[in-house]
Every structure is written in structure tokens, then in C-alpha cells.
Amino acid sequence: MTCLIKMCIIQACEQLNAWLGGFQTMLNRMTVYNFKWFLHAMLFIHTQRVIKRQRMKEESIEDDENDEEGINIDEEEE
Amino acid sequence: MGLLPIVSAAPLDDPFSGITFRAFSEFVEQHFSSRISLSTVLVVLFTITNNSDLLNLHVRQQHPLPDERLQLLSGWLKALARVLDEKLGQDTGKLFQTSDNVSGLDNDQKNSAIAIKLDALYKLLDLSPYNEEGVFLQSRAKQARKEIEPAYVVCPTSMQCQTQSCNGRSLHINTRHRDTPRATLIKGSKVYDEVHVLSGKCSRCKTIYYADHESSGQIDDSGVDGTTKFYLNNAKYLKVGQSLWVDRVFSGGVMNGIYHFHASASAFAEFWNDTFWSSQKTQSRKISRRQIWHTFIQESMRTVAKSSGVTLEMQNGIPIAEVTKQAFIQLGENGVIRSAQNHSCSECTHEYKETADRITGDDPAAVLGVDENHQVPVLVGEGAELAVQDAARARLNARLAAQARSNADDAMDVDESSSTEEVCPVKMVVMDGVVMGPTHCAFDDCIEEVKNSRGGVFCARHEITHGNLCRMRDCDRPKVPPGHTCAIHQNRWYQHAIRYGRQSMLGIRRLIRHSDEERLDWLPQRNRQVQPHDDDAHSQNRKDNYFVPPRFYCVETICAPCGAVHAWALFDKAESPTNILNFLEAVYPTSDMRPDYVCIDKACMVLRTAISNGAWNVWKETTRFIVDSYHYINHRANDYLCRKWCNPAPLNGSAPNLVVVEHDINGNEHYKRAFNTQVGLIICLK
């Protein structure tokens, strides 16, 4: 068996496709509508989670900024 | 007969050795405050019943060996008292009577006092493994058992009729006692047998309410079920088998298992049975693959419907395959995910910039991150002259821009506010495909689902027109059973059956997987041409028979750089530029919806097709097709169109929305890609 180390920079969509590829063996055995629904449901849920994670990330950045401001105020009071 | 041992069930099966409620109640009155709440009493009771190991350690110290010291109040029980104190918080005071004078006690004394009460309760409940004579008996070691678990029923969640004209009428029970179905209920990881399933009915509108759906309408005289089923998005329990109900924790677990582990329904069923079913005593059968699939469909339908603000309606009594089909038709939106299209975050959108922060004299084909301090290779072949002219023009523009900037700096009275940029987001999407797809009808250009997915090759319509005919293309003779061809083509069918059938390769075909690239002498010659990934499907690639149903070629996805998926589609035959353009057209029908940049690994091919079929006239107003930098570096040297239009991050500043200027900690300017399309570095080991 050849061992080949391949380094590649992957793009967002390709990373998504790598995750989707994990379902390939299951999906290839499905009928058209099972396939379509399964894929749609998975991508829908995936998108929901990505959006939620993104929102939390942006909120936590905002919180950090607010916290820093809060510390400054405390210092000024002292 | 009289000598036969008689087993009295009550004291042995009762985890509290037959203690009456009166004895327990008297204990509470004598030891705790008269104002103690029921919940505090229950917390104390469950603390005792659920910590048998700790209490065993405690009671062991009360029964010392000859060389051990007797400890009536062990450290173990004091530790439990501290835990209880922390849990109860303010309510701890209610554990004491006025005569206990709790305010005069320090913490340690208070814990000891609680420990004494716990020890007394422990003795009252008779949970100790030692009998009255102080002899250890294994049989007395008891756990909190099934007998003290609550009884569950599955019933409608609506309190009253939801039909507007009924003005919230109360619901009557719809099931007579003798007809009440008894089902298995899975709650989290626990299985409950013989759970009663109840339904309710509104006496006015006749709607029947179940725990997971509502059913309205009438069964007509001819017995045709004309009732409609409304799937409740907020259902607490879901029916996933003839007599199996599951709660939403279980169904959420199925979804997450499939999502995170890529688990198939059968793999998840095996996992669940091995982990949870086998570890509990239950009369129910193991959960099956079909039930897991059913759970997935029921849960996913409700998740998607709830987010879309829709309640699914379907005809009653249809099989699960039809339910799945209806779910996709009602909620699938042909693969468009609306929530993602309205989404914007710092990773996938930026404010629009009309002019660059700085225009440099670099070649317009230079790429950020690659060509700094580096000569861009010249274009060879067609369009070489044009490329040279473009570079010269870009240098001239850069000089002019620099001049204009210095003039502007000299003029001190420039009103800064007038040059503020219009706030308008710039969107980018990335498009890519993964080769997989379900089978479809084998008939020419028909992509309907196969009617019989086990052995059939045609859709319902072509099964009628061609089902009885020879499966060789262009042959109109009828089939001769048991093969699928006419007598003349029988040889072809048997060759096919031998090569691809279950019995071929000495029955071990499933064990040995051959690579498509391998061409070994003993393997049958491939007589089928492989479809080139990027090409349009050519008619000469068509097979001369309908022996196996063909597959859709790939799943194409459009996603934002943050990973949110805008849409997906199944491409039949090839990931061709025509298919890509049609897909984009379907997902973004109006110009205001279109992204500003579409990154495709074959953008230049799409651009060429769009120019030749006229679609570019519409798209060029709003959108640029760009390629990834790896493609660009290789292709810019021999393709003018790609070199001119598809640069993903022009170093010279000609695309200010793709490249932004940032300052490092020392205040030095440097360029950065505006869209982080490169999200990770992975190492693939093969």
C-alpha cells in the first residue's frame, strides 16, 4: 500500500462536500425521494447550526468588547 | 402440600419492605419542620433511595470488625448531609423543628444534625443490607427499582380543540378502555413497556387529536379514507412503529447520530440496542432499522417544518416512503435553503467598496499571497497580445490613480463625509460538486424515480410502455422470461448476469472491490466510456441496453464562505457549465438575489458557456465568476478569458471587494483576502 501524504488547502464548499461524502454509501442505496429528503434535511440542519454558531461567535466578540469597556470603567472609578 | 414454601410477594418486591405511608408521614412530622414542603420531603427521600453505595459505606462503619472502631455517624453520611444542604439551600432550615434550635448551631453541628435525621430515615425505610441481628445479607442490598417508577401514558398535547369555529371546546377521550392500544415508549434511553396510548376528540368538529398528529375529515361511505393528517411540530412523543413511540430526546439523538457520525439507520439501531436495550430488563423487542429510519423522517420533517413555520398536512394512512416524498415536495423548495439566503455574517458578506485602498502597478493577473515580489508568467497562445495590453493599461491606471490621490491630499478642503461609501453588502458564494446520486429511470432522458427499486429499471410510465419489452435499446420484441431480453438478445443478458450478478466471482464479489483505474488481464474489459467530469453528456456515451438503472451524476452545492448552504441540486450525467448556469438561474431568479462573486473551480468554462449562449449579458450586470487560486495560477498562463476575468484576488487592487487592506500591530499596511474561502488546512493520508 502506498502511503502518500497530500497537503491541500480546502475551501469551504469542499469541506462541506467532504462531510457530505460521508453519507455517500447510505445515499447511493436510497430511492430518489429518500435521497432528496435526506440530503435536504441534513443540509438544512447543517445550515441552521452554522448560522447559530456564527451568531454566537459574533455575540461573544461583542461581549468581549463590552467586558473590556466595563473593566476600563472600573479602573477609572478606582 | 402444606410443607411447600410459600412466597409472599409483597415484602420482597417492595423496595421499602412494606413500610406504610402513615409511618413515613409520622416520621416527617416528628423530625422535620411542620412547614416543610412536599418537594423538600421528596428530595430527601430520593437522596436516600438513590445513594445506596454511599449508605452501604456508612452502614458498614456501624457494623465494625473486632479490631475496628464503631462509628454511629460516619463521615460518609455527613458528606451526604453537606450535599443535601447545598442542594436545598434556603430550604435546609425546614429540615429542623423549632426545638432543634438551628440558629445556634455552626455548620458542622448542622450537618451532623441532618446526618442523624438521614440515618433515622434510612433505618425507617429499612434499606440497610444488615438485618436486625446485624448480619449482612446480600439479598437485602436493594436499589431504587422499577416498582417506584411513575406510570406513563401517551396522550394529546393540546388541552382543547384548536379549530377556530369550536372556540376552544374541551376534548373527550376517544378510545374505549378495551380498545386502548398498549405500546412501547422509549423515553431518552429508557424503555417502558405497556404504555397506554390515548387520543381525544372534539365533539363539534370531529377532529381527532393524537400525541403527534391531528386528524380531520371523514371516511366516506365507500370506505375511502379522506381524512387529513396534520403533523404537530411541537409533539412530545412520535409514533415510529406499529406499537412504538419515542420521545423527542430519542429522536433528536437519532438525528444527531446520523449528522455527526454519518451513521446509517441500521448502524444506529445496532448501536442503540447494544448500548441501551441490552442493559435493561424489558419485554419489548430490539429496535429495528426501519423504526430508526421512521424516527429520522418524523423528526427531520418536524425540525424543517418548524423552522419554515409550516405545519405539514398529508393524507392519512400513507406509507412512510410516500410521507418522505410528500415532505420533500412540501418543504424541499427544490433544494433551496431559504434561511441561508437571508443570512449574512462577517465571513460571507462585506460592505461594498467602490474604489480600492490603493491601486498598484502589478500585472492584473497577479494573485494576492502568491505573486508578491514575483514575475507573473506571460500568457502563451491565443490572446497573448491582449494580455500584454491589459497589463499596460493597468499600469497606466495605477499611475493616474496615484496622481489623483496626491492631488486630493493637497486639496485640504476635501469634505471627508462626501466620500463615504454607500453601505451595501458584497456577497460571495462557493459552488462545488460531489459525485454521488440515486438511480433514476433508464429510459432516454427520463429522470423520474424507478418504480421498483429492487430490480426495476423504469419509472411508472415507462414500466407500462417498455416493461414487457426486451431491455436492449432499439429492440421492440417482447421479453422471454426468466431473462429480461428477447430470445435473440438472451446472450447479452446472461453475460450481464454473470458479470454483475450476486453469484459472480465465486460469490465473493462483495468482498473484493476493484478500482476503476485497474486494468488487469483477468478482469472483464470495460465496454462503457467513462463520462468526463466537466463535459456535457454526449449521446455516443449512451449504453445499448437498459439492464441497470443509471445514476444521477453528482450533487452540486452552493454555499457561503461561512459554510451556510444556499442550495443544492442533483445533476444528471455531468457537472457541465450548462447545468451549473441553469442551477444558478433557478436559485437566483432575480438580480437582487444574485451574489457578487461566484467561486467555482471551473468558472472560466462557465463564463465561456455563458458568453456563447447569451446568459452572460444578464449575469455580467451583477456577478463575476472567479476560480480558486490554485486553478488560476495554472490556467492564467494559457487561457486569456480565465486570466482576464477569473482572478480570485487581484494583487493590483482592481477588485477592491476581494482584497482589503489591513494594518498589522506595527501599523504597517498589508493586503488580506476579503473572503476567507480557504478555511482549513488538512492532511489527507491515503
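Everything discussed here concerns the structure shown above.
Residues numbered from 1 in each chain as written. Chains lettered and ligands numbered in written order. Predicted model: local features only at pLDDT ≥ 70, side-chain atom pairs only at ≥ 80, totals over all residues. Heavy atoms only, no water.

(A) Looking closely at the interface of chain B and chain A. Contacts between the two partners involve 70 residues from chain B, matched on the other side by 49 residues from chain A. Taken together, both faces of the contact between chain B and chain A bury some 5,500 Å²; the carbon and sulfur share is 69%. In this structure, the connection of chain B to chain A is made through 16 residue pairs in polar contact (both at pLDDT 80 or more). Where the side of chain B that touches chain A is concerned, the elements lending two or more residues are α7 (248-261), α9 (289-308), α10 (320-331), α11 (338-341), β13 (425-434), β14 (552-559), β15 (565-572) and β20 (678-685) of chain B. Broken down by element, the side of chain B that touches chain A gets its largest block of residues, nine residues, from α9(B). (Contact = heavy atoms within 4.5 Å. Buried area = accessible area lost by both parts, 1.4 Å probe. Polar contact = N/O pair within 3.5 Å; in protein donor to acceptor, adjacent residues only side chain to side chain. Helix = DSSP H or I, 4+ residues; strand = E, 2+ residues; numbered from the N terminus.)

(B) Local environment of the side chain of Asp119(B). All names here are of chain B. Along the chain, Asp-119 turns up in helix α6 (residues 107-125). A polar contact of 2.9 Å, which involves the side chain of Asp-119, links it to the side chain of His-58. Here Asp-119 is in contact with His-58, Gln-62 and Leu-77, once residues within four sequence places are set aside.

(C) Spatial organisation of the sheet that holds strand β5 (residues 200-202) of chain B. Residues and elements named next belong to chain B. Pairing in this open sheet of six strands is antiparallel, and the strands run β2-β5-β6-β7-β8-β11 from one edge to the other. Of all strands in the sheet, those with a lone pairing partner are β2 (171-173) and β11 (313-315), marking the two edges. Bridging between strand β8 (residues 228-231) and β11 involves three bridges; their strand directions are antiparallel. Looking at β11, one finds that Lys-229 is bridged to Met-314. The strands that α10 touches are β8 and β11; relative to β11, the one it contacts most, it runs at about 145 degrees. (Pairing = 2+ DSSP bridges. Axes fitted to C-alpha atoms, helices over the stretch in contact; angles between N-to-C directions.)

(D) Fine view of the packing of helix α5 (residues 75-88) of chain B against α6(B). Residues and elements named next belong to chain B. Where α5 contacts α6, the two axes come as close as 8 Å, and the packing angle between them is 105 degrees. Classified by the interaxial angle, the pair formed by α5 and α6 is roughly perpendicular. Judged by residue contacts, Leu-77, Lys-78, Leu-80, Ala-81, Arg-82, Leu-84 and Asp-85 of α5 engage Lys-110, Asn-111, Ser-112, Ile-114, Ala-115, Leu-118 and Asp-119 from α6. Its residues placed into classes, the contact of α5 with α6 shows seven nonpolar, two polar and five charged. (Parallel < 35°, antiparallel > 145°, perpendicular 65-115°, else oblique. Nonpolar A, V, L, I, M, F, W, Y, C, P; charged D, E, K, R; others polar.)

(E) Inspection of the environment of His213(B) at higher detail. Residue and element names in this part refer to chain B. Of note, His-213 is situated in strand β7 (residues 213-216). When the C-alpha positions of His-213 and Lys-543 are compared, they lie 48 Å apart, and in sequence the two are 330 residues distant. When sequence neighbours within four positions are dropped, the list of residues in contact with His-213 reads Ile-208, Lys-229, Phe-230, Tyr-231 and Leu-232. Only 2.8 Å separates the side chain of His-213 from the side chain of Asp-212, close enough to count as a polar contact.

(F) Examining the environment of Pro64(B) more closely. All names here are of chain B. With respect to the secondary-structure elements, Pro-64 resides in the loop between α4 (52-61) and α5. Considering only alpha carbons, one finds Pro-64 and Pro-650, 586 residues apart in sequence, at a separation of 84 Å. In this view, Pro-64 contacts Arg-69 and Leu-70; residues no more than four positions away in its chain are not counted.

(G) Fine view of unusual backbone geometry. All names here are of chain B. The phi dihedral of Asp-474 is positive, around 65 degrees, even though this residue is not glycine. Tracing the backbone shows Asp-474 in the loop between α13 (460-466) and α14 (490-500). Within the chain, Lys-573 stands out as a residue other than glycine whose phi angle is a positive 70 degrees. Topologically, Lys-573 is positioned in the loop between β15 and α15 (577-587).

(H) Region of interest: the packing of aromatic side chains. All told, the structure shown has 22 aromatic pairs over all chains when counted by the stated rule. Ring centres of Phe21(B) and Phe24(B) lie 6.2 Å apart, and the angle between their planes is 50 degrees; on these two criteria the pair is classed as tilted. Of this pair, Phe21(B) and Phe24(B) are both found in helix α2 (residues 21-31), three residues apart, which corresponds to roughly one turn of the helix. Its relative accessible area of 64% is what places Phe21(B) among the exposed residues. A relative accessible area of 14% means that Phe24(B) is categorised as buried. Taking the centre distance of 5.3 Å and the plane angle of 70 degrees together, the rings of Phe458(B) and Tyr546(B) count as edge-to-face. Of this pair, Phe458(B) sits in the loop between β13 and α13 while Tyr546(B) sits in the loop between α14 and β14; the two residues are 88 residues apart in sequence, bridging distant segments of the chain. When its relative accessible area of 5% is taken as the criterion, Tyr546(B) is described as buried. One aromatic cluster is present, built from ring pairs that chain together Trp19(A), Phe23(A), Phe38(A), Tyr259(B), Trp293(B) and Phe296(B). Above the ring of Tyr33(A), the side-chain terminus of Lys36(A) is found at 5.4 Å from the ring centroid. Here the guanidinium or amino end of Arg49(A) rests over the ring plane of Tyr259(B), the centre of that ring lying 4.4 Å away. (Phe/Tyr/Trp six-rings, centres within 6.5 Å; stacked < 30°, edge-to-face > 60°. Buried < 20%, exposed > 50% of the residue type's maximum accessible area, 1.4 Å probe, protein only. Lys NZ or Arg CZ within 6 Å of the ring centre and 35° of its normal.)

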